[in-house]
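Read off the chains here:
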Amino acid sequence: MSDGSAESAYYAQLARTRGAAGAVQLDGAGRVLLVRPGYKPVWDLPGGVIEAEESPMTACVREVREELGFTPVLERLVGVVWFPPRPRRVASNLFVFAGRLPETARAAIEPDPGEIAEFGFFPVSDLPEVEPHTERRVRSCVEGYLGGETVYYEESTKPAWYGDSGEAKE
């Protein structure tokens, strides 16, 4: 009879990755909701890090509520992006969910000033200042959502705003 220690030892030695979740929220005109967090100089999808014991979709809902004060419409998973390890950072997976916001939800957006400096809805063809990897993510995930597909890719670049050290500037 096993006490589970061999199984525990096996799982303890497996690789670990970080996880994050983001939301593609389209308005009635097909524009995508982006946020400019107070801790970075560029726009991005709303979302954030998955906490321990939390599913990607639960994290996405929680993060959007915390950042913008409303419950996002998440119809389905539209993208998964893998980010390689960097100095002092393990590899990570970003799960992107998407849906269309009713006008009533759009009117309920109240950004947390401690997290979000600005928010706005933008045509996918005319995004504000975003990193190249963010532009690729937004465009591919919106196209996947509209086309009924889920996209996957592996990101090879790091955000320029991280600086040269591999650590995020916070």
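No experiment lies behind these values; they were computed from the predicted model shown.

**With respect to the overall build of the protein**
Okay, so step 1: Per the secondary structure count, the protein includes four helices and seven strands.
Okay, so step 2: The secondary structure elements of the protein, listed N-terminal to C-terminal, are α-β-β-β-α-β-β-α-β-α-β.
Okay, so step 3: Over its C-alpha atoms the protein spans a radius of gyration of 17 Å, differing by no more than 12% from the 15 Å that the globule rule assigns to 170 residues.
Okay, so step 4: Based on the C-alpha atoms only, the size of the protein along its principal axes is roughly 60 × 40 × 35 Å.
Okay, so step 5: Considering the protein as a whole, with its 170 residues, one finds that 46% of them fall into the buried category.
Okay, so step 6: Considering only contacts in the protein between residues 6 or more positions apart, those separated by 24 or more positions represent 68%.

**Overview of the environment of R18**
Okay, so step 1: Looking at the element boundaries, R18 is found in strand β1 (residues 18–26).
Okay, so step 2: In this structure the C-alpha to C-alpha distance between R18 and L94, which are 76 residues apart in sequence, comes to 8.6 Å.
Okay, so step 3: If sequence neighbours within four positions are ignored, R18 has contacts with V49, R89, V90, A91, S92 and N93.

**Overview of the UniProt feature "domain: Nudix hydrolase" (unreviewed entry) in the protein**
Okay, so step 1: Here the UniProt-annotated "domain: Nudix hydrolase" (unreviewed entry) positions come out as residues 15–145.
Okay, so step 2: Counted over residues 15–145, helix gives 24% and strand 32%. Its end C-alpha atoms are 31 Å apart.

**Observations regarding unusual backbone geometry**
Okay, so step 1: The phi angle at E53 is positive, at roughly 70 degrees, despite the residue not being glycine.
Okay, so step 2: Topologically, E53 is positioned in the loop between β3 (47–49) and α2 (56–68).

**Describing the pairing of β1**
Okay, so step 1: Among the nine residues of β1, eight are classified as buried, and the element is accordingly described as predominantly covered.
Okay, so step 2: Where β1 lies against strand β5 (residues 92–100), nine bridges are found, and the strand directions are parallel. Paired with L26 across the bridge in β5 is R100.
Okay, so step 3: Note: β1 against β3, three bridges, orientation antiparallel. Note on β3: the bridge partner recorded for A21 is G48.

**A short note on the side chain of K40**
Okay, so step 1: Following the sequence through the fold, K40 ends up in the loop between β2 (32–37) and β3.
Okay, so step 2: In this structure K40 comes out as buried when scored by relative accessible area, which is 11%.
Okay, so step 3: Side-chain polar atoms of K40 contact the side chain of D44, separated by 2.8 Å.

**Re the packing of aromatic side chains**
Okay, so step 1: Counted according to the given criterion, the structure contains two aromatic pairs.
Okay, so step 2: Pairing Y10 with Y11 gives two aromatic rings, centres 5.2 Å apart and planes at 70 degrees, and the pair type is edge-to-face.
Okay, so step 3: Judged by relative accessible area, which is 46%, Y10 ranks as partly exposed.
Okay, so step 4: Given a relative accessible area of 47%, Y11 falls into the partly exposed group.

**So, the state of the cysteines**
Okay, so step 1: By the definition in use, this model includes zero disulfides.
Okay, so step 2: Looking at the unpaired C60, the closest cysteine sulfur is the one in C141, lying at 11 Å.
Okay, so step 3: Since its relative accessible area comes to 0%, C141 is described here as buried.

What counts, and where the lines are drawn
- Residues numbered from 1 in each chain as written.
- Predicted model: local features only at pLDDT ≥ 70, side-chain atom pairs only at ≥ 80, totals over all residues.
- Heavy atoms only, no water.
- Helix = DSSP H or I, 4+ residues; strand = E, 2+ residues; numbered from the N terminus.
- Rg over C-alpha atoms; globule rule 2.2 N^0.38 Å.
- Buried < 20%, exposed > 50% of the residue type's maximum accessible area, 1.4 Å probe, protein only.
- Contact = heavy atoms within 4.5 Å.
- UniProt positions renumbered as here; feature names shortened; annotations may be inferred.
- Pairing = 2+ DSSP bridges.
- Polar contact = N/O pair within 3.5 Å; in protein donor to acceptor, adjacent residues only side chain to side chain.
- Phe/Tyr/Trp six-rings, centres within 6.5 Å; stacked < 30°, edge-to-face > 60°.
- Disulfide = S-S within 2.5 Å.

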